[in-house]
Amino acid sequence: MPGSTTLLQEQYAEVLLRFRRRALPLIAAIGELTRLARRPHVLDDDELQSLLSRIDHAHRDGTLRIHTEGPWAGAPTGRAIAERYGVGKVKLRDVRDAYYTLYLGLPPFDADEPVLTTSQVE
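Residues numbered from 1 in each chain as written. Predicted model: local features only at pLDDT ≥ 70, side-chain atom pairs only at ≥ 80, totals over all residues. Heavy atoms only, no water.

A. Fine view of the nonpolar core. Grouped together as the largest cluster of nonpolar side chains are 21 residues, with contacts concentrated most on Leu48, Ile55, Ile81, Tyr85, Val87 and Val95. Only α3 (45-61), α4 (78-85) and α5 (89-103) provide two or more residues apiece to this core. With sequence-adjacent residues up to four places away left out, Ile55 is seen in contact with Leu64, Pro76, Ile81, Tyr85, Val95 and Tyr99. In this structure, Tyr12, Val15, Leu24 and Leu36 belong to the second largest nonpolar core, which totals six residues. (Core = buried A, V, L, I, M, F, W, Y, C linked by side-chain atoms within 4.5 Å. Buried < 20%, exposed > 50% of the residue type's maximum accessible area, 1.4 Å probe, protein only. Helix = DSSP H or I, 4+ residues; strand = E, 2+ residues; numbered from the N terminus. Contact = heavy atoms within 4.5 Å.)

Following this line, the structure appears as structure tokens:
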């Protein structure tokens, strides 16, 4: 794949593995692959890797708010990530879903979470 990077290839492989294990329908896999193909235009690998490392450290330290129920229970919320690291709405879903899939072995949240604007953060 032209312009493909190691991190992006890892993300592609994760989607294909979930599809292969029948944990992801074909149409959903195509949708995720399409979104991933756009990710480097929004968020480069270096920035994403830096954010993922910082999120993982804070999550392991227990300093990020987490989902309290459902399949993502124990995973940090997108809102917590946005507030802590200043990740805007455009990048948040890519960052959050990369953390869920690559670090926690969870499926993407598959939804946008509400994000406070800078003026709303206390």
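B. Structural detail: α3. Here α3 spans 24 Å end to end across 17 residues, near enough to the 24 Å set by a 1.5 Å rise per residue. Of all the residues in α3, the buried ones are Asp45, Leu48, Leu51, Leu52, Ile55, Asp56, Ala58 and His59. Its side-chain oxygen at 3.0 Å from the backbone nitrogen of Asp46, Asp44 defines the N-terminal cap of α3. (Expected span 1.5 Å × (residues − 1). Polar contact = N/O pair within 3.5 Å; in protein donor to acceptor, adjacent residues only side chain to side chain.)

C. Structural detail: the packing of aromatic side chains. Under the definition given, this model contains two aromatic pairs. When the centroid spacing of 4.9 Å and the interplanar angle of 70° are considered together, the rings of Trp72 and Phe109 count as edge-to-face. Highlighted residues: Trp72 in the loop between α3 and α4 and Phe109 in the segment after α5, separated in sequence by 37 residues. The class of Trp72 is buried, set by a relative accessible area of 16%. Relative to Tyr103, the ring of Tyr99 has its centre 5.1 Å away and its plane inclined at 25°; by these criteria the two rings are stacked. (Phe/Tyr/Trp six-rings, centres within 6.5 Å; stacked < 30°, edge-to-face > 60°.)

D. Looking closely at the packing of α3 against α5. Across the interface, α3 lies against α5 with an axial gap of 10 Å and an inter-helix angle of 60°. Classified by the angle between their axes, α3 and α5 sit oblique to one another. In this structure, the crossing between α3 and α5 has a hand that is right-handed. Touching Glu47, Leu48, Gln49, Leu51, Leu52, Ser53, Ile55, Asp56 and His59 of α3 are Lys91, Asp94, Val95, Ala98, Tyr99, Leu102 and Tyr103, all from α5. Residues of the contact of α3 with α5, tallied by class, amount to nine nonpolar, three polar and four charged. (Axes fitted to C-alpha atoms, helices over the stretch in contact; angles between N-to-C directions. Parallel < 35°, antiparallel > 145°, perpendicular 65-115°, else oblique. Left-handed = near helix turned anticlockwise from the far one by under 90°. Nonpolar A, V, L, I, M, F, W, Y, C, P; charged D, E, K, R; others polar.)

E. How the structure looks around the pattern of salt bridges. Tallied over the entire structure, the rule returns 10 salt bridges. The shortest N-O distance in the salt bridge between Asp56 and Arg60 comes to 2.9 Å. Taken together, the positions of Asp56 and Arg60, both in helix α3 and four residues apart, correspond to about one turn of that helix. Between Arg79 and Glu83 there is a salt bridge, with its nearest N and O atoms 3.6 Å apart. Separated by four residues within a single helix, Arg79 and Glu83 lie in helix α4, roughly one turn from each other. (Salt bridge = Lys/Arg side-chain N within 4 Å of Asp/Glu carboxyl O.)

F. Representation of α4 in the model. Buried within α4 we find Gly78, Ala80, Ile81, Ala82 and Tyr85. Here the buried face of α4 lies against α3 and α5. One or two steps after α4, the chain reaches Gly86, where phi turns positive at roughly 65°.

Interpretation note: all reported values are geometric properties and have no functional meaning in isolation.
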